[in-house]
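# Topology and contacts: notes
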Number of protein chains: 4
Amino acid sequence: MNREPSNNGTPKAQPVMTREEIAAFLARAFPEIAASGRVLTVEEVRPLGARVRMAFVATDIRPGGTISGPAMFLLADLAMFVAVLGAVGPQALAVTTSITINFLRRPSPGDLIAEVRLIKLGRRLVVGEIALYPEPPPESSEPPPGTSQPPPEMVAHATATYSIPPGDGGGNMG
Amino acid sequence: MNREPSNNGTPKAQPVMTREEIAAFLARAFPEIAASGRVLTVEEVRPLGARVRMAFVATDIRPGGTISGPAMFLLADLAMFVAVLGAVGPQALAVTTSITINFLRRPSPGDLIAEVRLIKLGRRLVVGEIALYPEPPPESSEPPPGTSQPPPEMVAHATATYSIPPGDGGGNMG
Amino acid sequence: MNREPSNNGTPKAQPVMTREEIAAFLARAFPEIAASGRVLTVEEVRPLGARVRMAFVATDIRPGGTISGPAMFLLADLAMFVAVLGAVGPQALAVTTSITINFLRRPSPGDLIAEVRLIKLGRRLVVGEIALYPEPPPESSEPPPGTSQPPPEMVAHATATYSIPPGDGGGNMG
Amino acid sequence: MNREPSNNGTPKAQPVMTREEIAAFLARAFPEIAASGRVLTVEEVRPLGARVRMAFVATDIRPGGTISGPAMFLLADLAMFVAVLGAVGPQALAVTTSITINFLRRPSPGDLIAEVRLIKLGRRLVVGEIALYPEPPPESSEPPPGTSQPPPEMVAHATATYSIPPGDGGGNMG
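Residues numbered from 1 in each chain as written. Chains lettered and ligands numbered in written order. Predicted model: local features only at pLDDT ≥ 70, side-chain atom pairs only at ≥ 80, totals over all residues.

Let's shift gears to the overall build of chain A. Of the regular secondary structure elements, chain A holds 4 helices and 8 strands. Element order for chain A, N to C, with α for helix and β for strand: α-α-α-β-β-β-β-α-β-β-β-β. Within chain A, buried positions represent 52% of all 174 residues. Taking as baseline every contact in chain A between residues at least 6 positions apart, the subset at least 24 positions apart corresponds to 69%. (Helix = DSSP H or I, 4+ residues; strand = E, 2+ residues; numbered from the N terminus. Buried ≥ 20, exposed ≤ 12 C-beta atoms within 10 Å, placed from the backbone. Contact = placed C-beta atoms within 7 Å.)

This is the structure we're talking about:
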């Protein structure tokens, strides 16, 4: 009764957009990202998840040689959007309503990988968690509970909520 | 250079307190929990993680037959503290500095399980994520990235930051 | 176009429930709060805001003589709910979707006051911030920007999001 | 005993850096911001607070003509850093440990103003809240509790935690 139809009805549902379709959608919808010289690559779209890579650009360096917080936020936000697109499709003009990001370690200059996992796929709200790793990602980045190895290289962790507008596509934020 | 000695030096370090030691510590330090009639059980303490069960009590019911948000918060906070004790030990009077909790689904009345994973174990700050599940927990509650099955029953997700006081045990919050 | 009708159309709208009506609603909807021995008093309901007092109870004490984090969370959550009721009314079975709470200082044992301010009142989401103070509250607890006096006694700060179900009263969480 | 010496000892302390000194520090420490074409202006540094303006740049536009979430995050993060510099000074290599941001309304293209208020100034952690408004800011942007007018134009709200490294300037994140 409290289950979310779209999630629980098809718990292993395949993404409704492919990696290539999402990449093309982003290129059309956000041309300013490419124009800014930033390169974000949709590496994988999977059921209720996605992996996105952000290529290192020199302007993201901060004192001490690390990557800026806003650059990590941008990656987390975009990767979440990719996962939402994969789960919901492009007709829904989903908007970010909130993000909490914890900066854990200072990444060295280099590519960053975002791994997204959607933990709620409701009709109106989608909630996901995003883990950022330096490239290359650790081989077993997320051990199941009960095992002893932490993800030694997670540099930031975020939780994000997206609002899915009603079916009329109004795109209202609230 | 940015690595945390206590974490990266011993990434698979065993907990410094056992499950039984932590349970005894909590009983001494928080007698009011038992006095309140609430039963929280430390089920497992593992390297950089823990599992805690909160027995259902009727006073946690909310309209619609679900469990109250504050009760879920209490479980998340205590479970995180258990994991911190396991990793740092009792000499450190760790204090919660912040928690973000997302309520995902309405749990039915029943026990709740908190699974904690510490994602940063610094000298001054410890960050963890806590997933709450109804009992019994799903058999494979956290599939590795790339697999298709979401945790279908996660009812709440939290990220928590604890501050570890300096070695003098001052217990200052900031 | 991006404005929220319910907010911007009536920016100074009076609350749709009085303090007394909200108190009566809470007593009916949450009898377990009173049964627990906890006393929460709706002190004021104002347009897009509310003030709620939580009487000190000995079971909230933590080591060091301070008030427990979960007790502060409970106050913040309930105070936010009071403000939502005042703004939206009882027909809407609003549910908390997320709360971020920062614990700032250790309150001494005593009553706590929650001051709520709604910063978004949308048709589907309500966002508010909650500041907790020890009793008595500072006389000028929130100086306008540009003045020099910080709220010296704020013990915790929270931001909360509530989801307002569609008009059919379904009360779905997502 | 739980009071923070640096805060409570000098609750009305003047900033330790002027607006001009902070602007010069930022220009030296973050040359890539200017290089990116983004213009952020420190408009005011006050005791435990600051105001920073971000000039509109076309690359921040998102579908629908609004300003991107990452751009708003960047402004909130930098404005918080300005307030921390004003309160703590440049010798401390403060680092962001976490930010929670709520996106409330879609800003139209135009400058954005960040108003920062520090709500905790501890020896190790600084916590602040940041409100983002479109330019020009509302005349009475933050009414005291008890008055009826909400800030009608707040487009985003954030809370941020900065970690202040120990006196040796180690700059360790945890």
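Running from N to C, helix α4 (residues 69-88) of chain B and helix α4 (residues 69-88) of chain C point in directions that differ by 150°, and their axes come no closer than 9 Å. By the angle between their directions, the pair α4 of chain B and α4 of chain C is classed as roughly antiparallel. As for how α4 of chain B packs across α4 of chain C, the hand of that crossing is right-handed. Touching Gly69, Pro70, Phe73, Leu74 and Asp77 of chain B of α4 of chain B are Gly69, Pro70, Phe73, Leu74 and Asp77 of chain C, all from α4 of chain C. Its residues assigned to classes, the contact of α4 of chain B with α4 of chain C comprises 6 nonpolar, 2 polar and 2 charged. (Axes fitted to C-alpha atoms, helices over the stretch in contact; angles between N-to-C directions. Parallel < 35°, antiparallel > 145°, perpendicular 65-115°, else oblique. Left-handed = near helix turned anticlockwise from the far one by under 90°. Nonpolar A, V, L, I, M, F, W, Y, C, P; charged D, E, K, R; others polar.)

As summarised here, the arrangement of the 12 strands in space is β1(B)-β2(B)-β6(B)-β7(B)-β8(B)-β5(B)-β5(C)-β8(C)-β7(C)-β6(C)-β2(C)-β1(C), forming an open sheet in which the pairing is antiparallel. Looking at the sheet topology across the chains shown, the edges are occupied by β1 (40-46) of chain B together with β1 (40-46) of chain C. Sheet twist, expressed as the mean angle between neighbouring strand axes with direction ignored, is 20°. Examined bridge by bridge, strand β6 (residues 112-121) of chain C and strand β7 (residues 125-134) of chain C share 9 bridges and lie antiparallel to one another. Looking at the pairing, Glu115 of chain C lines up with Ala131 of chain C of β7 of chain C. (Pairing = 2+ DSSP bridges.)

Next up on the list: the nonpolar core. Of all hydrophobic cores here, the largest spans 212 residues; its most connected members are Ala76 of chain A, Ala76 of chain B, Ala76 of chain C together with Ala76 of chain D. Other than its neighbours up to four places away in sequence, Ala76 of chain A contacts Ile99, Ile101, Ala114, Ile130, Leu132, Ala156, Ala158 and Ala160 of chain A. (Core = buried A, V, L, I, M, F, W, Y, C linked by C-beta atoms within 7 Å.)

Right, let's talk about the confidence of the model for chain A for a bit. Parts of the prediction with low pLDDT should not have their coordinates interpreted in detail. All names here are of chain A. Residues of chain A with pLDDT of at least 70 account for 75%, and the chain-wide mean is 80. Per-element mean pLDDT across chain A ranges from 39 in helix α1 (residues 5-8) up to 97 in strand β8 (residues 156-163). The model gives residues 148-152 a pLDDT under 50, and that stretch makes 19 contacts with residues more than four places away or in other chains. Here the predicted complex carries an ipTM of 0.82, next to a pTM of 0.85. (pLDDT = per-residue confidence, 0-100.)

Residue and element names in this part refer to chain B. The end-to-end C-alpha distance of α4 is 28 Å, a good match for the 28 Å that 20 residues give at a rise of 1.5 Å each. Buried residues dominate α4, accounting for 20 of its 20 residues. Once α4 finishes, Gly89 follows within two positions and takes phi at roughly 95°, a positive value. (Expected span 1.5 Å × (residues − 1).)

The next point concerns the sheet that holds strand β6 (residues 112-121) of chain D. Adjacent strands of a sheet pair through backbone hydrogen bonds, lying either parallel or antiparallel. Spatial ordering of the open sheet is given by β1(A)-β2(A)-β6(A)-β7(A)-β8(A)-β5(A)-β5(D)-β8(D)-β7(D)-β6(D)-β2(D)-β1(D), a layout of 12 strands whose pairing is antiparallel. The open sheet terminates on both sides in strands that have one partner only, identified here as β1 (40-46) of chain A together with β1 (40-46) of chain D. Across the sheet, the axes of successive neighbouring strands diverge by a mean angle of 20°, strand direction being ignored. Strand contacts of helix α4 (residues 69-88) of chain A: β1, β2 (49-54), β5 (95-103), β6 (112-121), β7 (125-134) and β8 of chain A together with β5 (95-103) of chain D, with the helix running at about 45° to β6 of chain A, the strand carrying the most contacts.

For the rest of this paragraph, the subject is the pairing of strand β8 (residues 156-163) of chain D. All names here are of chain D. Burial analysis of β8 places 8 of its 8 residues in the buried class, which makes it a mostly covered element. A two-sided burial pattern is seen for β8, the buried positions comprising Ala156, Ala158, Ala160 and Tyr162 on one face and His157, Thr159, Thr161 and Ser163 on the other. Looking at chain direction, β5 and β8 are connected through 8 bridges and run antiparallel. If you follow Asn102 over to β8, its bridge partner there is His157.

Let's shift gears to unusual backbone geometry. All names here are of chain A. With a phi close to 60°, Leu48 is a non-glycine residue in the positive phi region. Within the secondary structure layout, Leu48 lies in the loop between β1 and β2. We classify Leu48 as buried; it has 26 C-beta atoms within 10 Å.

Here we come to the environment of Pro165 of chain C. Residues and elements named next belong to chain C. Of note, Pro165 is situated in the segment after β8 (156-163). Its 17 C-beta neighbours within 10 Å are what place Pro165 among the partly exposed residues. It is 38 Å that separates the C-alpha atoms of Pro165 and Pro109, two residues lying 56 residues apart in sequence.

What follows concerns the environment of Arg53 of chain D. Residues and elements named next belong to chain D. Positionally, Arg53 belongs in strand β2 (residues 49-54). According to the C-beta neighbour criterion, Arg53 is partly exposed, with 18 such atoms within 10 Å. Along the backbone, Arg53 and Ala71 are 18 residues apart, and their C-alpha atoms lie at a distance of 12 Å. Discounting residues that sit within four places of it in the chain, Arg53 has contacts with Leu40, Thr41, Glu43, Asp111, Ile113 and Glu135.

Another aspect to go through is the environment of Gly110 of chain C. Residues and elements named next belong to chain C. Relative to the elements of secondary structure, Gly110 occurs in the loop between β5 (95-103) and β6. Counting along the chain gives 80 residues from Gly110 to Phe30, while the straight-line C-alpha distance between them is 23 Å. Once you skip the residues sitting within four places of it in the chain, Gly110 turns out to touch Phe56, Pro134 and Glu135.

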